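Below are the chains, spelled out letter by letter.
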Amino acid sequence: MSKLGNSRYLITYYEPKSPISEAYRAMRTNIDFSSVDDHIQVVMGTSASPGEGKSTTIANLAVVYAQANKKVVLIDSDMRKPTMHHTFGISNRNGLSSMLSRQCDLDEAVHATDIPNLFIMPSGPVPPNPSEMVASQRMSALIEELRTKFDIVLIDTPPTLAVTDAQLISTKCDGVLLVIESGKVKRDAVIKAKQQLNHVKARILGVVLKNIEQKNSDGYYYYYYSETEK
């Protein structure tokens, strides 16, 4: 069992009644209703560039799904700069890279957390070939196996413009969330990231716009923009 990390990152757990936590619950609802015909079960979170908060976003989304009595597994596929083992206070000895390289089995790679219904698969030791690993048939088979064991599979990926991992993983998912920090990333970078995801026919469920400062408001909030809102 883990010991949860900094409350700064897991606001939905430590401050469930806060406006930001409510925004995450609204995001969860929007994802659930983003498709009438298709079941959205495997969702990937990415950003255009580093430092936009995509890992924090996907971690809190995992928490609100677990709070809705969904059995959730969160995979840290950012094997170059992993964060989830710190966020949730778990060991990174065994994880995604260990599983894909056949160094451990699934039960050893998935860790329970202090949050009921929420499980984490950390990145594992840094491998020499992350892109080849996530592009592999073994990665596809792993996701399909997790579909049978969990209600929701969430995947944290590296930034889209940094490496090809996000594009590769997006082809194995039901949908993608693109996280953008207001005032930090340039518009051209966001457009390029979206183009790269579109190039591999990724299904962008929506955009999570972070840190929009509102007048007459104390602080910031998250806005979820669905691709259907056009």
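Model, not experiment: these values are computed from the prediction.

### Description of the overall build of the protein
Part 1 of the argument: Helices and strands together make up the secondary structure of the protein, namely 10 helices and eight strands.
Part 2 of the argument: For the protein, with 230 residues in total, the buried portion stands at 54%.
Part 3 of the argument: Looking at the protein alone, contacts between residues at least 24 apart form 74% of all its contacts between residues at least 6 apart.
Part 4 of the argument: A total accessible area of about 11,100 Å² is found for the protein, and carbon and sulfur atoms account for 49% of it.

### A look at the packing of aromatic side chains
Part 1 of the argument: Within the structure shown, the criterion is met by two aromatic pairs.
Part 2 of the argument: On the numbers, 5.7 Å between centres and 65 degrees between planes, the contact of Phe119 with Phe150 is edge-to-face. Taken as a pair, Phe119 in strand β4 (residues 118-121) and Phe150 in the loop between α8 (137-149) and β5 (152-156) lie far apart in primary sequence, 31 residues in all.
Part 3 of the argument: The ring of Phe119 carries the charged tip of Lys71 above its face, separated from the ring centre by 5.8 Å.
Part 4 of the argument: One residue, Lys71, lies across the ring of Phe150, its end atom 5.0 Å from the ring centre.

### Quick word on the pairing of β4
Part 1 of the argument: With four bridges connecting them, strand β2 (residues 72-76) and β4 associate as parallel partners. From the neighbouring strand, Leu74 faces β4, where its bridge partner is Ile120.
Part 2 of the argument: Two elements, strand β3 (residues 111-112) and β4, share two bridges in a ladder whose sense is antiparallel. For His111, the partnering residue across the bridge sits in β4 and is Ile120.
Part 3 of the argument: What sits between the antiparallel neighbours β3 and β4 is a turn of five residues, in which Asn117 has the positive phi angle 80 degrees.

Procedures and definitions
- Residues numbered from 1 in each chain as written.
- Predicted model: local features only at pLDDT ≥ 70, side-chain atom pairs only at ≥ 80, totals over all residues.
- Heavy atoms only, no water.
- Helix = DSSP H or I, 4+ residues; strand = E, 2+ residues; numbered from the N terminus.
- Buried < 20%, exposed > 50% of the residue type's maximum accessible area, 1.4 Å probe, protein only.
- Contact = heavy atoms within 4.5 Å.
- Areas by Shrake-Rupley, 256 points an atom, 1.4 Å probe, with all protein chains shown as cover.
- Phe/Tyr/Trp six-rings, centres within 6.5 Å; stacked < 30°, edge-to-face > 60°.
- Lys NZ or Arg CZ within 6 Å of the ring centre and 35° of its normal.
- Pairing = 2+ DSSP bridges.

Keep in mind these values describe shape, not function.
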